[in-house]
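# Coordinate inspection notes
Residue strings, one per chain:
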Amino acid sequence: GRIEGSQEHMSVLMAQRQVDQADVIVMLMDAQDPGTQQDAAIAGIASQAYKPVIVAVKKWDLVEDKDTHTVRDFEDRIRRKLKFLEGSPFIFLSALTGQRVSRILDLAIALHKASHKRVSTSLVNQFLQDLRDKKAIPSYKGKLIKIFYMTQVEVAPPTFMAVINRQPPLHFSQERFLVNRLREKFGM
């Protein structure tokens, strides 16, 4: 996005440096002013670095007229605005009352463990076979892809390599589909 002013530019540069050094990012967002351009810039930086992100929404105690759907509606609205946060957990906090503040560390530890998870090649290929059996892998421009083989080649972030039947590689929508299914299946 556009970065106006030297102060904002410096904060984005500092955020980039911090993201590069971090294992898990806690992105603090104001419940009164969510999804700002600055939030989008930081979420994008974390996404490009493939770092796990916790979205901590502060000042949740100031949100009025909360009901059973308020959290879900807020989270859905932010996910639509900031697509980079797909799969990131949200935690709603109040520094004033201390509500849920102590849960951040536990959540960060869980995300760190998930980012270091290794899945055996046999499980990955069984997952792939299940997708093929269900004919779940989406086509692109009417052409089906065949994924012959897939294996995990790296952790932190979990990285997978696939051997497929065509060039160029997967369309981004197919890649996103596979990433989302891998996250669901293996808790990454």
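Fair warning: this is a prediction, and the values are worked out from it, not measured in the lab.

## Brief notes about the pairing of strand S2 (residues 53–58)
- Judged by how many residues are buried, S2 sits mostly within the fold: five of six residues are covered.
- Sheet analysis places strand S1 (residues 25–30) next to S2, joined by six bridges and oriented parallel. Among the inter-strand pairings, Val26 is bridged to a residue of S2, identified as Ile54.
- A crossover links S1 with its parallel partner S2, the connecting element being helix H2 (residues 37–48), and its sense is right-handed.
- Bridging between S2 and strand S3 (residues 90–92) involves three bridges; their strand directions are parallel. Residue pairing for S3: Val55 is matched across the bridge by Phe90.
- Crossover handedness for the path S2 to helix H3 (residues 70–81) to S3: right-handed.

## Some details on the pattern of salt bridges
- Taken as a whole and judged by the stated rule, the model has four salt bridges.
- Between Asp73 and Arg72 there is a salt bridge; the shortest N-O distance is 3.8 Å.
- The exposure class assigned to Asp73 is partly exposed, which follows from its relative accessible area of 38%.
- Between Glu184 and Arg181 there is a salt bridge, with its nearest N and O atoms 3.0 Å apart. Here the residue Glu184 and the residue Arg181 both occupy positions in helix H6 (residues 172–186), the gap between them amounting to three residues, near one helical turn.

## Focus: the nonpolar core
- In this structure, Met27, Val53, Val55, Val57, Trp60, Ile78 and Leu85 are the most contacted members of the largest nonpolar core, which totals 21 residues.
- Among the elements of the structure, helix H1 (6–21), S1, H2, S2, H3 and S3 are those that each provide at least two residues to this core.
- With residues near it in sequence (within four places) discarded, Met27 still touches Asp39, Ile42, Ala43, Val53, Ile54, Val55, Ala56, Leu82 and Leu85.
- Within the second largest apolar cluster, 14 residues are counted, among which are Val119, Ile145, Met150 and Ile164.

## Brief notes about unusual backbone geometry
- A cis amide bond, omega 5°, links Ala156 with the succeeding residue Pro157.
- Mapped onto the elements, Pro157 comes out in the loop between strand S4 (147–154) and strand S5 (159–164).
- Even without being a glycine, Asp65 presents a positive backbone phi close to 55°.
- Of note, Asp65 is situated in the loop between S2 and H3.
- On the basis of relative accessible area, Asp65 is assigned to the exposed category, the value being 75%.
- Unusually for a residue other than glycine, Lys135 sits at a positive phi of about 50°.
- If you trace the backbone, Lys135 turns up in the loop between helix H5 (121–133) and S4.
- Relative accessible area serves as the criterion here: at 72%, Lys135 is assigned to the exposed category.

## A closer look at H5
- Between its first and last C-alpha atoms H5 spans 18 Å; for 13 residues at 1.5 Å apiece the expected length is 18 Å, and the two agree.
- Among the residues of H5, Val124, Asn125, Phe127, Leu128 and Leu131 are the ones counted as buried. An end-on view of H5 places all buried positions within 150° of arc, on one side of the element. Exposed residues on H5 whose side chains face more than 90 degrees from its buried face are Ser122 and Asp133.

Definitions and limits used
- Starting afresh in each chain, residues are numbered from 1 along the sequence in its written order.
- At least 70 in pLDDT is required for a residue's local features to be given in this predicted model, at least 80 for side-chain atom pairs to be given and counted, and no such filter applies to totals for whole chains, interfaces and linings, which use all residues.
- With hydrogens and water excluded, all non-hydrogen atoms of the structure serve as input to the side-chain values.
- Throughout this description, buried means an accessible area under 20% of the type-specific maximum (1.4 Å probe, protein chains only), exposed means over 50%, and partly exposed covers the range between.
- Going along the chain from the N terminus, every DSSP run of H or I of four or more residues is numbered as a helix, and every run of E of two or more is numbered as a strand.
- Being paired, for any two strands, means DSSP has found at least two bridges between them.
- A right-handed crossover is one whose linking path, passing over the helix from the first strand to the second, runs clockwise when the strands point away from the viewer.
- Salt bridges are defined by distance alone: a side-chain nitrogen of Lys or Arg within 4 Å of a carboxyl oxygen of Asp or Glu.
- The set of buried Ala, Val, Leu, Ile, Met, Phe, Trp, Tyr and Cys residues whose side-chain atoms join them within 4.5 Å is what this entry labels a nonpolar core.
- Whether two residues are in contact is decided by their heavy atoms, any of which lying within 4.5 Å being enough.
- For a helix, the expected span equals 1.5 Å multiplied by the number of residues minus one.
- The arc in question is traced by the directions running from the helix axis to the C-beta atoms.

Just geometry here; none of it tells us what the structure is for.
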